[in-house]
Amino acid sequence: MDDKPGPGPLSETSEFLFSFGVIADIQYADLEDGYNFQGNRRRYYRHSLLHLQGAIEHWNTEGSPPRCVLQLGDIIDGYNAQYKASEKSLELVMNTFQMLKVPVHHTWGNHEFYNFSRNYLTNSKLNTKFLEDQIVHHPETVPSENYYAYHFVPFPQFRFILLDAYDLSVLGVDQSSAKYQQCLKILKGHNPNSELNSPQGLSEPQFVQFNGGFSQEQLNWLNEVLTFSDTNQEKVVIVSHLPIYPEASDSVCLAWNYRDALAVIWSHRCVVCFFAGHTHDGGYSEDPFGVHHVNLEGVIETAPDSQAFGTVYVYPDKMMLKGRGRVPDRIMNYKRENAFRC
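Sequence positions are assigned chain by chain, starting from 1 and proceeding in written order. In view of the model being predicted, local features appear only for residues whose pLDDT reaches at least 70, and side-chain atom pairs are presented and counted only at 80 or more, with totals across whole chains, interfaces and linings using the full set of residues. Side-chain metrics rest on all non-hydrogen atoms present in the structure, leaving aside hydrogens and water.

The name recorded for the protein in an unreviewed UniProt entry is Manganese-dependent ADP-ribose/CDP-alcohol diphosphatase, from Panthera leo. Quoted verbatim from the Subunit (unreviewed entry) field of the UniProt record, the comment on the protein reads "Monomer." UniProt positions are given in the numbering used here, feature names are shortened, and annotations may be inferred rather than shown by experiment. Of the comments in the UniProt record for the protein, the one headed Cofactor (unreviewed entry) reads "Mg(2+)".

Pasting the structure below:
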């Protein structure tokens, strides 16, 4: 594993505030190595747990421990469901996370829904909504129970928002429900293929079954939280399993209605960074409004002699991602009006 030093001289111009950890697509299963659906990328099902252990050991021994860790979804692989090992594998990974000395916030991805229903996840340890912060006298910033999303403040003037990218989805939903029928109609309206996981011939290739989208209700709530953050000069980090910016992602991996999410974010000044998983390959782009879109490389396709996690060091004028293994370092400057006056 290539071991990179801490923040270093690049950061000496401004005061270090706090840090947080990021890790994505662990997809653990008690299986021999396999390959992705295209058959061209190796997946290390068992070794992903060792990578997670290595990441936790790193975070636990950092001189200045992170305030929290963001787990960006797909914590166990869908193959577990076939082998009736979903609960056992989840318990193993969650017991590993218990070694972490700081809170972890869990995002839900498609592989969570291959293994469990939404009702199951809501009542499981993967529901970290109990870590949310509530804004007094602002009931409009309280999320609905209809989707899994919340916000929290790891450090003064910084608000993190965890989004539910499978709020609109045919995964994990009772097939007799109105919600399932609504989502199936959306999906089939954009994807005429008999295999709904195939993007073949689609003008909007993100409309596949392994993706999902954000309901208008959730987007309205996001808008309210961002309005509060604008008014109170907060900086906002958004977390989602699915990416929303085409320049940072394979187009097949985007949220169904990524444009709607971008429209909300771009109507505010406060968002500085958007973290996602799902692609496994990773990706990065700064959009025209100065929001940094980071798609983290997936643990599941990371060779045993490498690693795939990062620690983000936060400063008044920037965030610095220090990657481990195949996660690259990135310096993400805030757009000028967003930098704190030092």
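A. Highlighting the packing of aromatic side chains. Only Phe, Tyr and Trp rings take part, Trp by its six-membered ring, and two of them pair if their centres are within 6.5 Å. Stacked means planes under 30 degrees apart, edge-to-face means over 60, and tilted covers everything else. As enumerated under the stated definition, the model contains 22 aromatic pairs in all. Judged by centre distance (5.9 Å) and plane angle (50°), the ring pair of Tyr147 and Trp221 falls under tilted. One end of the pair, Tyr147, is in the loop between helix H5 (118–122) and strand E6 (150–155); the other, Trp221, is in helix H7 (residues 216–231), and 74 residues separate them in sequence. Only protein chains enter the accessibility calculation, which uses a 1.4 Å probe; a residue whose area is less than 20% of its type maximum is buried, one above 50% is exposed, and one in between is partly exposed. Judged by its relative accessible area of 3%, Trp221 is buried. Definition used: whenever NZ (Lys) or CZ (Arg) falls within 6 Å of the ring centre and also within 35 degrees of the ring normal, the charge is taken to sit over that ring. Stacked on the ring of Phe37, the Lys or Arg Arg43 has its end atom at 5.6 Å from the ring centre. A cation over an aromatic ring shows up here: Lys318 above the ring of Tyr315, its NZ or CZ 5.1 Å from the ring centre. Helical segments are the DSSP runs of H or I of at least four residues, strand segments are the runs of E of at least two, and each set is numbered from the N terminus.

B. Structural context of unusual backbone geometry. Phi at His137 is positive, roughly 65°, even though this residue is not glycine. Summarising the element assignment, His137 is placed in the loop between H5 and E6. Within the chain, Gln157 stands out as a residue other than glycine whose phi angle is a positive 75°. Note that Gln157 resides in the loop between E6 and strand E7 (158–162).

C. Spatial organisation of the UniProt feature "domain: Calcineurin-like phosphoesterase" (unreviewed entry) in the protein. In the numbering used here, UniProt assigns the feature "domain: Calcineurin-like phosphoesterase" (unreviewed entry) to residues 20–281. Annotated as 31% helix and 14% strand, the span residues 20–281 places its first and last C-alpha atoms 21 Å apart.

D. Summary view of the nonpolar core. As used in this record, nonpolar core signifies buried Ala, Val, Leu, Ile, Met, Phe, Trp, Tyr and Cys residues forming a set joined through side-chain atoms within 4.5 Å. Residues Phe20, Phe275 and Met319 are the most contacted members of the largest nonpolar core, which totals 85 residues. Here this core takes six residues from strand E9 (residues 271–276), the largest share from any one element. Between two residues, a contact is recorded if the distance between any of their heavy atoms is within 4.5 Å. The contact partners of Phe275, leaving out residues within four places of it in the chain, are Phe20, Val22, Leu72, Val237, Ile238, Val239, Ser240, Val294, Val312 and Met332.

E. A look at the environment of Tyr45. By secondary structure assignment, the location of Tyr45 is in the loop between strand E3 (42–43) and helix H1 (47–61). With relative accessibility at 2%, the residue Tyr45 sits in the buried group. Beyond its immediate stretch of four places on either side in the chain, Tyr45 contacts Gln27, Tyr28, Ala29, Leu31, Glu32, Asp33, Gly34, Tyr35, Asp77, Tyr79 and Ile300.

F. Spotlight on the environment of Leu50. On the secondary structure map, Leu50 appears in helix H1. Along the primary structure Leu50 and Val299 are separated by 249 residues, whereas in three dimensions their C-alpha atoms are 9.9 Å apart.

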